[in-house]
Structures are given as structure tokens and as C-alpha cells.
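Structural overview
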Amino acid sequence: YPSVVLLENNDQQVTHVVLYKIEENYQLLINEKLIAVTEEWFKTYWNGDMTLLWQAPFPLKGAIKFDQEGEKVTWLANQLNKEQGWPAEHKTHFDMRLLEQVSAYQREQGLMDDGLVGPRTLMPLMQRVNPDSPRLTKRLN
């Protein structure tokens, strides 16, 4: 996802920039100018701070978790079914089967397999099921 990052020079002056795209190089938007820098240059000046520009598909107050009910559970079940090649269903209860699907997805993505669906699980899921969403890497067809 596009991000706002902090770059810091040797005099410890900090500049906010938009990390716009990563392809052969890093494309940064600074004061309405798009510039390209190498990965080495970026890592030299990036201080590690980042604000990710991302929006959940619904208001998210806490994680979606086992035994929860409602429309968020229906959305989650259908996105995982789509991702895993299963038919859509109108599931409103976060049951054991959905917990197993969530855990399998988290392991596939290299995430902590805790069965809780918060931003770290939703972000890659949304990118996979919605290929037109903003991203920093070039989409491979």
C-alpha cells in the first residue's frame, strides 16, 4: 500500500514523503515532485517510521474472532472462500471451519497464526481478492 514515510538526513532534518511505487527503484512523491531513488539510498535515509494508507472494508473495532456473528463474518467467510476456491455462502457465525480457514491463510501469508482477523490479516486478503486496490509493487498478470 502507498505509505507516508519519514526520511532523515545526517543533520537529523526530517521530511515526510509519500512512498508512491516500488518497481526497479523506489518512487517518492516529495513536494508534488515524483523522484526515483535506489533501494540503497532509500534505506540510508528512511528512519523506519511509516504511516500506511489503508482502509478496512468496514468499520473495524477490534479483531474479528471465533464465535463472533454478523455481516463482518459473512464478508470474511466469502473472501476466504473466494481466495481458497470454495463457493460463496451466507455464513454469519465464526465457527471452527472458518477459524481453520483463517489460520491456514495466516500461515500461507507468513503471519502469526492466532485466528484473529485484524488489519494485518485483512490487508493482504483485500489485496488478493481486490487486485485493483492501490499497491506499491507492480501487478504481475
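Residues numbered from 1 in each chain as written. Predicted model: local features only at pLDDT ≥ 70, side-chain atom pairs only at ≥ 80, totals over all residues. Heavy atoms only, no water.

A short note on the packing of helix H2 (residues 71-83) against helix H4 (residues 119-129)
Running from amino to carboxyl end, H2 crosses H4 at an angle of 55°, the nearest separation of the two axes being 10 Å. Our classification of the angle between H2 and H4 gives oblique. Helix-helix and strand crossings are classified by hand; for H2 and H4 the assignment is left-handed. Between H2, through Trp75, Leu76, Gln79, Leu80, Lys82 and Glu83, and H4, the contact on the second element is made entirely by Leu122, Leu125, Met126, Arg128 and Val129. Class assignment for the residues of the contact of H2 with H4 results in seven nonpolar, one polar and three charged. (Axes fitted to C-alpha atoms, helices over the stretch in contact; angles between N-to-C directions. Helix = DSSP H or I, 4+ residues; strand = E, 2+ residues; numbered from the N terminus. Parallel < 35°, antiparallel > 145°, perpendicular 65-115°, else oblique. Left-handed = near helix turned anticlockwise from the far one by under 90°. Contact = heavy atoms within 4.5 Å. Nonpolar A, V, L, I, M, F, W, Y, C, P; charged D, E, K, R; others polar.)

Quick notes on the environment of Asp114
Note that Asp114 resides in the loop between helix H3 (96-108) and H4. Overall, Asp114 belongs to the partly exposed group, its relative accessible area being 37%. For the pair Asp114 and Ala77, spaced 37 residues apart in sequence, the C-alpha separation works out to 17 Å. A polar side-chain atom of Asp114 sits 3.0 Å from the main-chain amide nitrogen of Leu116. (Buried < 20%, exposed > 50% of the residue type's maximum accessible area, 1.4 Å probe, protein only. Polar contact = N/O pair within 3.5 Å; in protein donor to acceptor, adjacent residues only side chain to side chain.)

Details of the packing of aromatic side chains
Applying the stated criterion across every chain yields a total of five aromatic pairs. Taken together, a centroid distance of 4.7 Å and an interplanar angle of 25° make the contact between Tyr26 and Phe42 stacked. One end of the pair, Tyr26, is in strand E3 (residues 26-30); the other, Phe42, is in helix H1 (residues 39-45), with 16 residues separating them in the sequence. Each member of the pair, Tyr26 as well as Phe42, carries the same accessibility label: buried. Ring centres of Trp41 and Tyr45 lie 4.7 Å apart, and the angle between their planes is 45°; on these two criteria the pair is classed as tilted. (Phe/Tyr/Trp six-rings, centres within 6.5 Å; stacked < 30°, edge-to-face > 60°.)

A short note on the sheet that holds strand E4 (residues 33-37)
With respect to topology, five strands assemble into an open sheet ordered E4-E3-E2-E1-E5, the strand pairing being antiparallel. In this open sheet, the two edge strands, each paired with only one partner strand, are E4 and strand E5 (46-52). Looking at each pair of strands side by side, their axes are set apart by 35° on average, direction ignored. Here strand E2 (residues 14-22) pairs with E3 via four bridges, running antiparallel. By the bridge assignment, Val18 is partnered in E3 with Leu29. (Pairing = 2+ DSSP bridges.)

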